[in-house]
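# Structural overview
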Amino acid sequence: MSDAAGLRGLLAVLQLSDSAFPSGRYTLSHGLETFAYEGLLETPCAADALAALLGACIRFGVGPSDGVALACAHRAVDADGDIDVELVTQVDRRLSAVKLPREAREASTRTGRALLAAAPAVVGARISGYADLVDLGDVPGNHAVALGLLSALLEVPPFDAVAGELSAYATGWIAAAVRLGLTDHLTAQFVLRRVHPVLVEAAERAAAGDIADIYSSTPLPDVMSMRHEHAELRLFSS
């Protein structure tokens, strides 16, 4: 890959993972808000505790679920830009099946539909076939799946696409911690640096995964997400 091609891929990853991208991901706390309100995390929370919780969410949650699904969706796009819709449908439905909290499923499809709506501004056209099925309600339209397709069409290497998605998750998670008063901005950057090795390992595993490898095993964060929708006051939508 030439330096120019690599730079185009990097710029695409940065654009798609930016918090300013109009997908609404900045409204998500991934259950962290319930951790804070139920007193399961101190205020301010120690950097070690935050890094441990975020690392577990990446290693056992978003990495093997959204990360693997993204990689599978990426492989569904051939060299001519044609999409294997049947394969993508399997990936999309599997990903929804492993997202146990209703809020998590709804957040994933809400931001996924927003991503598909923004696709014309990014790639110049709709992600045909798949977007039509999402509009009809035949497939969920998960964010990671839409992002995998979009990344492939933008010629972003699969590993870079997965790494960008996991990094965006980590950045959004720690930004939520700051907004909830669990930590300050400087400590947040330290925590992100602490989880970089976890991000790299999770991205490597996810990029090599297949549909059968899509899973999530984060029982406590899942319970916190389930409790979140019943909270009287909520800053975040999940």
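Before any of the text, the structure's been laid out above.
These remarks concern the structure in this document. Sequence order as written defines residue numbering, which begins from 1 separately in each chain. Per-residue local features are limited, in this predicted model, to residues with pLDDT of at least 70; the limit for side-chain atom pairs, both in listing and counting, is 80 or more; totals at the level of whole chains, interfaces and linings are taken over all residues. Excluding hydrogens and water, the side-chain values take into account all heavy atoms of the structure.

## Details of the pattern of salt bridges
- Here, a salt bridge means any Lys or Arg side-chain nitrogen found within 4 Å of an Asp or Glu carboxyl oxygen. Throughout the structure, instances matching the rule amount to eight salt bridges.
- In this structure, the salt-bridge partner of Glu 103 is Arg 234, at a minimum N-O distance of 3.0 Å. Residue Glu 103 is located in helix H5 (residues 102–123), and its partner Arg 234 is located in the segment after helix H11 (219–228); the two are separated by 131 residues in the primary sequence.
- A salt bridge links Arg 205 to Glu 201, with the nearest nitrogen and oxygen atoms 3.5 Å apart. Taken together, the positions of Arg 205 and Glu 201, both in helix H10 (residues 196–207) and four residues apart, correspond to about one turn of that helix.
- Working definition: with a 1.4 Å probe on protein chains only, accessible area under 20% of the residue-type maximum means buried, over 50% means exposed, and in between means partly exposed. Look at Glu 201 and you get partly exposed, because its relative accessible area is 34%. Each helix corresponds to a stretch of at least 4 residues labelled H or I by DSSP, and each strand to a stretch of at least 2 residues labelled E; elements are numbered beginning at the N terminus.

## Here we look at the packing of helix H3 (residues 47–75) against helix H9 (residues 185–194)
- Between N-to-C directions, angles span 0 to 180 degrees; the directions come from axes that are lines fitted to C-alpha atoms, helices contributing only their stretch in contact. Packing of H3 against H9 brings their axes to within 9 Å, and their N-to-C directions diverge by 45°. When the axis of H3 is compared with that of H9, the two are oblique. Considering only the axes of H3 and H9, their crossing is right-handed. Of the residues in H9, those touching H3 at Ala 47, Asp 48, Leu 50, Ala 51 and Leu 54 are Thr 187, Phe 190, Val 191 and Arg 194. Note on terminology: angles under 35 degrees are roughly parallel, angles over 145 are roughly antiparallel, angles of 65 to 115 are roughly perpendicular, and the others are oblique. Put simply, a crossing is left-handed when the front helix is turned counterclockwise from the back one by less than a right angle, and right-handed when it is turned clockwise. Only heavy atoms matter for contacts: two residues are in contact if any of them lie within 4.5 Å across the pair.

## Observations concerning helix H1 (residues 3–17)
- The length a helix should cover is 1.5 Å for every residue beyond the first. Taking 1.5 Å per residue as the helical rise, H1 with its 15 residues ought to reach 21 Å, and the 21 Å between its terminal C-alpha atoms agrees with that figure.
- Buried residues of H1: Ala 5, Gly 9, Ala 12, Val 13 and Leu 16, and no others. Here the buried residues of H1 occupy an arc of 100° about the axis, which is enough to place them on one side.
- Turning to H1, the residues buried within the fold contact H5, helix H7 (143–153) and helix H8 (158–179). Arc definition: it is the arc formed by the directions from the helix axis to the C-beta atoms.

## Here we look at the nonpolar core
- Within the largest apolar cluster, 72 residues are counted, with the highest numbers of intra-cluster contacts made by Leu 32, Ile 58, Tyr 130 and Trp 173.
- Residue contributions to this core peak at 14 residues, all from H3.
- Once residues within four sequence positions are removed from consideration, Trp 173 is found in contact with Ser 29, His 30, Leu 32, Leu 50, Leu 53, Leu 54 and Cys 57. To form a nonpolar core, buried Ala, Val, Leu, Ile, Met, Phe, Trp, Tyr and Cys residues must be joined to one another through side-chain atoms within 4.5 Å.

## Some thoughts on H7
- With respect to burial, H7 is a largely interior element, 10 of its 11 residues being buried.
- Tucked inside the fold, the buried residues of H7 contact H1, H3, helix H4 (85–98), H5, helix H6 (130–136) and H8.
- Looking one or two residues past H7, Glu 155 carries a phi angle of roughly 60°, positive in sign.

## Considering a negative patch on the surface
- Taken together, the side chains of Asp 78, Asp 80, Asp 82, Asp 84 and Glu 86 make up a negatively charged region of the molecular surface.
- Along the chain, Asp 84 turns up in the loop between H3 and H4. Candidate patch residues must exceed 30% relative accessible area and have no salt bridge, after which like charges are joined if within 9 Å and Val, Leu, Ile, Met, Phe, Trp or Tyr side chains if within 5 Å. Areas reported as accessible are Shrake-Rupley estimates using a 1.4 Å probe. Residue values count occlusion only from the protein chains shown. Asp and Glu are treated as the negative residues and Lys and Arg as the positive ones, with His and the ends of the chain left uncounted. A single reference atom marks each charge: NZ on Lys, CZ on Arg, CG on Asp, CD on Glu.

## Regarding the packing of H8 against H9
- Running from amino to carboxyl end, H8 crosses H9 at an angle of 150°, the nearest separation of the two axes being 10 Å. Between H8 and H9, the angle is such that the two are roughly antiparallel. Where H8 crosses over H9, the two elements pack in a sense that is right-handed. Taken together, the residues of H9 that come into contact with H8 (itself represented by Ala 170, Thr 171, Ile 174 and Val 178) are His 185, Ala 188, Val 191 and Leu 192.
- Throughout, the ten residues Ala, Val, Leu, Ile, Met, Phe, Trp, Tyr, Cys and Pro are labelled nonpolar, Asp, Glu, Lys and Arg are labelled charged, and all others, Gly among them, are labelled polar. Counted by class, the contact of H8 with H9 contains six nonpolar, two polar and no charged residues.

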